[in-house]
Amino acid sequence: MMEVENGQKVEVATSMPVPGNSGSGSFIVKLHPLVVMNISDHWTRLKAQNDAPQKVYGALIGKQDGRVMEVMNSFELLYTKDEDGNVIVDTEYFYVKEEQFKQVFKDIDFHGWYSTGGEISDLDVKVHNQICSIIENPIFFKLDPNAASNSQNISVYESVIDIEEGNAITRLLPLNYTLTTEEAERIGIDHVARATNTESENVSSASEHLRSQHSSIMMLYTRIRFILGYLQSVRDGELPCDHEMLRSVHALCRRLPVLGGDGLTSELHDEYNDITLMLYLGVMNKGSQTMNQFINKFNLLHDRHVRRSSRKMTVV
């Protein structure tokens with residue numbers, strides 16, 4: 001597949017890498033299942049809203065340590081289409097979302113973008129060129145939602161620039177990747193994989209745990225209501241007073257945790273104030289950095305203006 005854009009040729013290698021390049025690529029990609037779930041959810045929602053499959057676009061974020069790139073999360077990208085049907089990515093929306101993620105996850109950066117579909121098309125290449133203007137050498141993740149269950153529906157690419165006959169050629173080369181998970185992701189994936197069908201007998205470990213917790217709480221609630229009903233009947237004279245039973249109820253009440261006490265409320269307020277204070281400090285720190293950058297730029301422009309004025313006075 002070949003395309004000429006802004007005087008630069010673009011070639012896509014969808015199967016074998018370019019001779020002289022390693023098949024493993026320049027990155028060792030570690031992919032979290034959360035990214036695949038986000039893309040699948042994005043595509044499914046748009047398909048349900050429009051009653052037809054829609055091509056989706058989004059950004060990939062994660063960490064990079066040397067050649068090891070760990071793609072941990074993703075978010076959707078807004079875009080428009082011109083008269084020729086070309087996709088124009090909304091860069092302002094991208095920068096806003098990236099800033100929001102950085103406020104929460106300081107060590108996460110933007111590393112590429114994703115899309116859905118089968119083979120790489122000219123439209124994908126044009127979008128990749130737009131992403132290259134935001135970050136150097138982004139990776140491209142493509143998910144084929146219509147692929148057969150026994151085939152690979154995930155592809156990862158990187159872009160390299162070669163010089164052939166004096167022309168700069170951008171190639172998209174396939175990258176190898178491995179799946180890596182955390183404990184929370186494994187629980188979520190197990191729940192989604194085994195509990196998507198309500199008629200299935202398979203139940204995820206998360207569902208079993210929550211179900212046992214719910215049964216225990218309901219049993220405790222039922223027995224407390226039974227004891228409360230007994231005490232009300234004794235108070236109203238409907239049942240005889242059994243002192244041994246009352247002592248057992250009193251001992252049980254002393255064993256129950258006391259919720260809503262002054263000490264617990266005070267600790268909750270202290271923890272809430274500490275967390276709020278940390279958020280405020282982060283916002284103030286961000287504002288101070290922005291103000292510092294503004295002052296540096298203002299001083300730079302002011303110095304240039306003073307130098308120009310002094311040169312004019314010297315000429316006169």
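Attention in this report is confined to the structure presented alongside it.

## Let's talk about the packing of aromatic side chains
- By the definition in use, this model includes ten aromatic pairs.
- Aromatic rings pair up to connect Phe 75, Phe 94, Tyr 95, Phe 101, Phe 105 and Phe 110 into one cluster.

## So, unusual backbone geometry
- Of note in this structure, Asp 51 is not a glycine but carries a positive phi near 60°.
- One can find Asp 51 in the loop between α1 (33-50) and β4 (57-65).
- The exposure class of Asp 51 is exposed, given its relative accessible area of 71%.

## With respect to helix α2 (residues 91-104)
- Between its first and last C-alpha atoms α2 spans 20 Å; for 14 residues at 1.5 Å apiece the expected length is 20 Å, and the two agree.
- All of the buried residues in α2 are Phe 94, Glu 98 and Phe 101. Around the axis of α2, the buried residues are gathered within 65° of arc, so they sit on the same side. Those residues of α2 that are exposed and angled more than 90 degrees off the buried face are Glu 92 and Val 104.
- Its side-chain oxygen at 3.3 Å from the backbone nitrogen of Glu 92, Asp 90 defines the N-terminal cap of α2.

## A word on the pairing of strand β8 (residues 109-116)
- Counting buried positions over the eight residues of β8 gives seven, a clear majority of the element.
- Pairing analysis gives six bridges linking β4 to β8, with the strands arranged antiparallel. Across the sheet, residue Ala 59 finds its bridge partner in β8, namely Trp 113.
- At this point the chain moves from β8, through helix α3 (residues 122-132), to the parallel strand β9 (residues 139-143), and the crossover so formed is right-handed.

## Brief notes about a negative patch on the surface
- On the surface, a cluster of negative charge is made up of Glu 267, Asp 270, Glu 271 and Asp 274.
- Note on placement: Asp 274 falls in helix α7 (residues 262-315).
- Residue Asp 274 is classed as partly exposed on the basis of its relative accessible area, which comes to 48%.

## Focus on the pairing of strand β5 (residues 68-76)
- One ladder, built from four bridges, connects strand β3 (residues 28-31) with β5; its direction is parallel. Paired with Lys 30 across the bridge in β5 is Glu 70.
- Relative to β5, β4 runs antiparallel, the two sharing eight bridges. Across the sheet, residue Lys 63 finds its bridge partner in β5, namely Glu 70.
- Taking the residues that link successive antiparallel strands as the turn, the β4-β5 hairpin has two residues, and the phi of Gly 66 there is positive, at about 70°.

## As for α1
- Under the 1.5 Å per step criterion, the end-to-end length of α1 is 26 Å for 18 residues, consistent within 8% with the ideal 26 Å.
- The complete set of buried residues in α1 reads Pro 33, Val 35, Val 36, Ile 39, His 42 and Trp 43.
- Of the residues flanking the end of α1, it is Asp 51, one or two places downstream, whose phi is positive at about 60°.

## Quick word on the nonpolar core
- By size, the foremost hydrophobic cluster in this structure holds 20 residues, and its most contacted members are Phe 75 and Val 127.
- At the level of elements, β4, β7 (87-89), α2, β8 and α3 are the ones that each hand at least two residues to this core.
- Setting aside residues up to four positions removed in sequence, Phe 75 forms contacts with Gly 58, Ala 59, Ile 61, Phe 94, Lys 97, Glu 98, Phe 101 and Tyr 114.
- Residues Val 35, Tyr 114, Ile 139 and Leu 143 belong to the second largest nonpolar core, which totals 18 residues.

Conventions adopted
Residues numbered from 1 in each chain as written. Predicted model: local features only at pLDDT ≥ 70, side-chain atom pairs only at ≥ 80, totals over all residues. Heavy atoms only, no water. Phe/Tyr/Trp six-rings, centres within 6.5 Å; stacked < 30°, edge-to-face > 60°. Helix = DSSP H or I, 4+ residues; strand = E, 2+ residues; numbered from the N terminus. Buried < 20%, exposed > 50% of the residue type's maximum accessible area, 1.4 Å probe, protein only. Expected span 1.5 Å × (residues − 1). Arc of directions from axis to C-beta. Polar contact = N/O pair within 3.5 Å; in protein donor to acceptor, adjacent residues only side chain to side chain. Pairing = 2+ DSSP bridges. Right-handed = clockwise from strand over helix to strand, strands pointing away. Patch = residues over 30% accessible without salt bridge, like charges linked within 9 Å, V, L, I, M, F, W, Y side chains within 5 Å. Areas by Shrake-Rupley, 256 points an atom, 1.4 Å probe, with all protein chains shown as cover. Salt bridge = Lys/Arg side-chain N within 4 Å of Asp/Glu carboxyl O. Lys, Arg positive; Asp, Glu negative; His and termini not counted. Charge placed at Lys NZ, Arg CZ, Asp CG, Glu CD. Core = buried A, V, L, I, M, F, W, Y, C linked by side-chain atoms within 4.5 Å. Contact = heavy atoms within 4.5 Å.

None of this, on its own, says anything about what the molecule does.
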